[in-house]
Amino acid sequence: TFPVQVERLARSVLKRDPAEIVVGGRTKAADHIKQYVEVRNEEDKFPRLLQLLGLWYEKGNILVFVKTQDRCDSLFRDLLKSGYECLSLHGGMDQVDRDHAIKQFKQLDKTLMVATSVAG
């Protein structure tokens, strides 16, 4: 559900071709979902994420995508250390744990999730 401009940006900054999963229309994101994209240097990413979480954490669900399972686990730990209750979701987790995390996220028990793009 990436708009064409976001898809172009993603393809221009990613080193490898991203996997694409199409759900719904290709040309427009769902009206009730807001998408924001920022390209940052590695050392700027976590401080900027904390800054954004300060603004958005209590306003609804936030989904942060990372490339690898290890990065998912480390960002999850870093966010917990920074005081943010969150969930993690990646393909290396047991199916029961993944299902539980998705349920908690959907029910708004916890509204921040760190996931790999192939978590489900």
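Position labels on residues start from 1 in each chain and follow its written sequence. With the structure being a predicted model, the display of local features is reserved for residues of pLDDT at least 70 and the display and counting of side-chain atom pairs for 80 or more, all residues being used for whole-chain, interface and lining totals. Hydrogen atoms and water are omitted, and side-chain values are computed over all heavy atoms in the structure.

1. Things to note about a nonpolar patch on the surface
A surface patch of nonpolar side chains, amounting to about 360 Å² of accessible area, comprises Y36, L55 and W56. Helix and strand assignments follow DSSP, with helices taken as H or I runs no shorter than four residues and strands as E runs no shorter than two, numbered in order from the N terminus. In this structure, W56 sits in helix α2 (residues 42-56). Residue exposure (1.4 Å probe, protein chains only): buried if accessible area is under 20% of the type maximum, exposed if over 50%, otherwise partly exposed. For W56, a relative accessible area of 35% puts it in the partly exposed group. Excluding any residue in a salt bridge, patches collect residues exceeding 30% relative accessible area, merging like charges within 9 Å and nonpolar Val, Leu, Ile, Met, Phe, Trp and Tyr side chains within 5 Å. Computed with a 1.4 Å probe, the accessible areas rest on the Shrake-Rupley method; for each residue, only the protein chains presented here act as cover. Salt bridges, as used here, are contacts in which a Lys or Arg side-chain nitrogen is within 4 Å of a carboxyl oxygen on Asp or Glu.

2. Here's the deal with the nonpolar core
In this structure, L49, L53, I62, V64, V66, C72, L75, L79, Y84, C86, L112 and V114 together form the largest nonpolar core, which totals twelve residues. Of all the secondary structure elements, the ones that give two or more residues to this core are α2, β1 (62-66), α3 (69-81) and β3 (112-116). Here, two residues are considered to be in contact whenever any of their heavy atoms come within 4.5 Å of each other. With sequence-adjacent residues up to four places away left out, C72 is seen in contact with V66, S88, L89, H90, V114, A115 and T116. Counting residues in hydrophobic clusters, the runner-up holds six residues, among them L89, A101, F105 and M113. Think of a nonpolar core as a cluster: buried Ala, Val, Leu, Ile, Met, Phe, Trp, Tyr and Cys residues, connected wherever their side-chain atoms sit within 4.5 Å.

3. Section: α2
A helix is expected to span 1.5 Å multiplied by its residue count minus one. Under the 1.5 Å per step criterion, the end-to-end length of α2 is 21 Å for 15 residues, consistent within 8% with the ideal 21 Å. Listed in full, the buried residues belonging to α2 are R48, L49 and L53. The inward-facing, buried residues of α2 abut β1, α3 and β3.

4. Topic: the packing of aromatic side chains
When the centres of two rings from Phe, Tyr and Trp lie within 6.5 Å, Trp using its six-membered ring, the rings pair. Their planes under 30 degrees apart give stacked, over 60 give edge-to-face, and anything left gives tilted. All chains considered together, the criterion is met by one aromatic pair. Aromatic pair Y57 and Y84: ring centres 4.9 Å apart, planes at 75 degrees, arrangement edge-to-face. Within this pair, whereas Y57 is found in the loop between α2 and β1, its partner Y84 is found in the loop between α3 and β2 (87-89), the two being separated by 27 residues in sequence. Among the residues examined, Y84 registers a relative accessible area of 15% and is labelled buried.

5. Comments concerning the pattern of salt bridges
Using the criterion set out here, one finds three salt bridges in the structure. Where R48 meets E38, a salt bridge forms, and the shortest distance between an N and an O atom there is 2.7 Å. Placement of R48 in helix α2 and of E38 in the loop between α1 (4-13) and α2 is noted, with a sequence separation of ten residues between them. Classification of E38 as partly exposed rests on a relative accessible area of 39%. Put simply, K45 and E42 hold a salt bridge, and the shortest N to O gap is 3.3 Å. Residue K45 and its partner E42 are located together in helix α2, separated by three residues, close to a single helical turn.

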